[in-house]
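# Reading the structure
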Amino acid sequence: DEDYCENKKYCVCRGVSYGEMVACDGEACEGEWFHYSCVGLTSPPGGHWYCDDCIKWEERSSGK
């Protein structure tokens, strides 16, 4: 549904989709897509990219 897509919330800021965004490669990521400015990026990352929450989750689950 188009209204759902336009109003879906992403990122740590829980904002709608706009501008340059990066997808988190975490399988169960709640944010899914993140605005570059919210995660400190100025250009597309090379290779896989994981948000802070997914990095923390991976560290906890692997016992690091």
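Residues numbered from 1 in each chain as written. Predicted model: local features only at pLDDT ≥ 70, side-chain atom pairs only at ≥ 80, totals over all residues. Heavy atoms only, no water.

## What about the pattern of salt bridges?
A complete count under the given rule lists one salt bridge for this structure. E32 is the partner of K8 in a salt bridge, and the nearest nitrogen-oxygen pair spans 3.1 Å. Of this pair, K8 sits in the loop between α1 (2-7) and β1 (21-23) while E32 is found in the loop between β1 and β2 (33-35), placing the two residues 24 residues apart along the sequence. (Salt bridge = Lys/Arg side-chain N within 4 Å of Asp/Glu carboxyl O. Helix = DSSP H or I, 4+ residues; strand = E, 2+ residues; numbered from the N terminus.)

## Let's talk about the layout of surface pockets
There is about 430 Å³ of room inside the largest pocket. Around the largest pocket, the lining comprises 18 residues; the ones closest to its centre are A28, C29, D53, C54 and W57. In terms of residue count, helix α2 (residues 52-62) provides more of the lining of the largest pocket than any other element does, six residues in total. When its residues are assigned to classes, the lining of the largest pocket shows ten nonpolar, two polar and six charged. (1 Å grid on protein atoms, 1.4 Å probe; cavity = no way out; pocket = protein on both sides within 12 Å on 5 of 7 lines; lining within 4 Å. Points joined across faces, edges and corners; volume = space filled by probe spheres on them. Nonpolar A, V, L, I, M, F, W, Y, C, P; charged D, E, K, R; others polar.)

## A closer look at unusual backbone geometry
The phi dihedral of C11 falls on the positive side, at around 70°, and the residue is not glycine. Within the secondary structure, C11 sits in the loop between α1 and β1. Accessibility expressed as a relative area gives 2% for C11, which makes it buried. Phi at R14 takes a positive value of approximately 60°, unusual for a residue other than glycine. Residue class for R14 comes out partly exposed when judged on its relative accessible area of 44%. (Buried < 20%, exposed > 50% of the residue type's maximum accessible area, 1.4 Å probe, protein only.)

## Observations concerning the UniProt feature "binding site: Zn(2+) 2" (unreviewed entry) in the protein
Mapped onto the present numbering, the UniProt feature "binding site: Zn(2+) 2" (unreviewed entry) falls at C24, C29, C51 and C54. In sequence the annotated residues extend across 31 residues, while in space they remain close, none of their C-alpha pairs exceeding 8.2 Å. Considering only the annotated residues already named, the ones lining the largest pocket are C29, C51 and C54. Position of C24 relative to the elements: it lies in the loop between β1 and β2. A relative accessible area of 10% means that C24 is categorised as buried. Considering the arrangement of structural elements, one finds C29 in the loop between β1 and β2. On the basis of relative accessibility, which here comes to 13%, the residue C29 falls in the buried class. Ignoring anything within four residues of it in the chain, the contact list for C29 reads C24, F34, C51 and C54. (UniProt positions renumbered as here; feature names shortened; annotations may be inferred. Contact = heavy atoms within 4.5 Å.)

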